[in-house]
Amino acid sequence: MSKIESYVDEVFHSVGGNKKEIEELKAEMKNHLLEAVHELKSEGKSEKEAIEIAIERFGGEKEMRSIAAQLFKAQKIFAKWMLYLAITVFIFTITAFGFIWSIEEENANENSIVATQISEILNDKNKITEEMEKEISSLVKGTDQISMVELYNVSDVDNVNLVIDYVRDTKPDYRFEQKVWNPKWIQADFFPYANWDNKWYVGMETRHISDWMGIILLSGIAIYLTLFTIWATINAYHRKRLNIGWILAFTLLNVIGYLIYVLVGKRKIEA
């Protein structure tokens, strides 16, 4: 059966890839050819005729060599793109999360500054003058996340704990509203922000897009884990070491799971 061995060797002669995997595929091809030869011989063909027919049915040497090379190349490319895509998604997720977090932190800091500046304008005044109104409205207009400000004189409220109740049931001494950028797709929420002392209560309504942080983080990590698991699973399959345990390790432990898989493989080889 040297002709079959020679044929199989030629088919995989220029195929690059994992040596162990190539040897396993060569052995599998030889077995298929030997089975075909045995079947043809049982039908009355000579060994030489059976080998030639089996090889002819399996495919020409050049054609099979091309198919084998393309198969290995396609598998490598697919696995690489899964890894590259996983890394890209991970980097994008962390970057987008950090970007939105920095915006929210910047807005929170600006809200605090504006509230403090308004308190300084009010100072110990008993009433809000027209000039003060202009200053306050100018401060709010200088932001793009404060949609409303309300000011209450709480000097008559004896108990600090009752300030919230007082504000809820009383008309503000001054109120200013403005439209802020809020398209539906950003899924923004408006939350109250308050700052007060013994004289004035400064209440504001501010836009927040923090929901996007959760959406981006959860969806991004889920996509990354899926792509990484696919890549690691393909590698484990090619090395004939794939089982449900390794798939769970790749999914739950991610890079750590794959490192464990590599270390276990090295120990088996050394043993």
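Everything here concerns the structure above.
Before going into details, it helps to say that this report is about the structure given with it. (Residues numbered from 1 in each chain as written. Predicted model: local features only at pLDDT ≥ 70, side-chain atom pairs only at ≥ 80, totals over all residues. Heavy atoms only, no water.)

## Considering the pairing of strand β3 (residues 189-196)
In summary, the side chains of a regular strand alternate between the two faces of the sheet.
Reasoning step 1: Looking at chain direction, β3 and strand β4 (residues 200-208) are connected through eight bridges and run antiparallel. Bridge pairing in β4 links Asn 195 to Val 202.
Reasoning step 2: Where β3 folds back onto β4 in an antiparallel hairpin, the turn is made up of three residues. (Pairing = 2+ DSSP bridges. Helix = DSSP H or I, 4+ residues; strand = E, 2+ residues; numbered from the N terminus.)

## Thoughts on the side chain of Asn 254
Reasoning step 1: Position of Asn 254 among the secondary structure elements: in the loop between α8 (244-253) and α9 (255-270).
Reasoning step 2: Setting aside residues no more than four positions away along its own chain, Asn 254 makes contact with Tyr 224, Leu 225, Phe 228 and Ala 249. (Contact = heavy atoms within 4.5 Å.)

## Looking at the pairing of strand β2 (residues 174-177)
Reasoning step 1: The alternating pattern of β2 places Tyr 174 and Phe 176 on a buried face, while none of Arg 175 and Glu 177, on the opposite face, is buried.
Reasoning step 2: Sheet analysis places strand β1 (residues 146-153) next to β2, joined by four bridges and oriented antiparallel. Residue pairing for β2: Leu 151 is matched across the bridge by Tyr 174. (Buried < 20%, exposed > 50% of the residue type's maximum accessible area, 1.4 Å probe, protein only.)

## Notes on the packing of aromatic side chains
Reasoning step 1: Per the counting criterion, the structure on display carries 14 aromatic pairs.
Reasoning step 2: An angle of 85° between the planes, with centres 6.4 Å apart, marks the rings of Phe 228 and Tyr 258 as edge-to-face. With Phe 228 in helix α7 (residues 211-238) and Tyr 258 in helix α9, the pair connects residues that are 30 residues apart, well separated along the chain.
Reasoning step 3: Classification of Phe 228 by relative accessible area gives buried; the value is 6%.
Reasoning step 4: By relative accessible area, Tyr 258 is classed as buried at 15%.
Reasoning step 5: With centroids separated by 5.6 Å and ring planes inclined at 80°, the aromatic side chains of Phe 250 and Tyr 261 adopt a geometry described as edge-to-face. Of the two residues, Phe 250 is situated in helix α8 and Tyr 261 in helix α9; the sequence distance between them amounts to 11 residues. Of the two residues examined, Phe 250 and Tyr 261, each falls in the buried class. (Phe/Tyr/Trp six-rings, centres within 6.5 Å; stacked < 30°, edge-to-face > 60°.)

## Points about unusual backbone geometry
Reasoning step 1: One non-glycine residue, Asn 123, adopts positive backbone phi at about 50°.
Reasoning step 2: Relative to the helices and strands, Asn 123 resides in the loop between α4 (61-122) and α5 (130-141).
Reasoning step 3: In this model, Gln 187 sits at a positive phi of 55°, which is unusual for a non-glycine residue.
Reasoning step 4: Structurally, the position occupied by Gln 187 is in the loop between β2 and β3.

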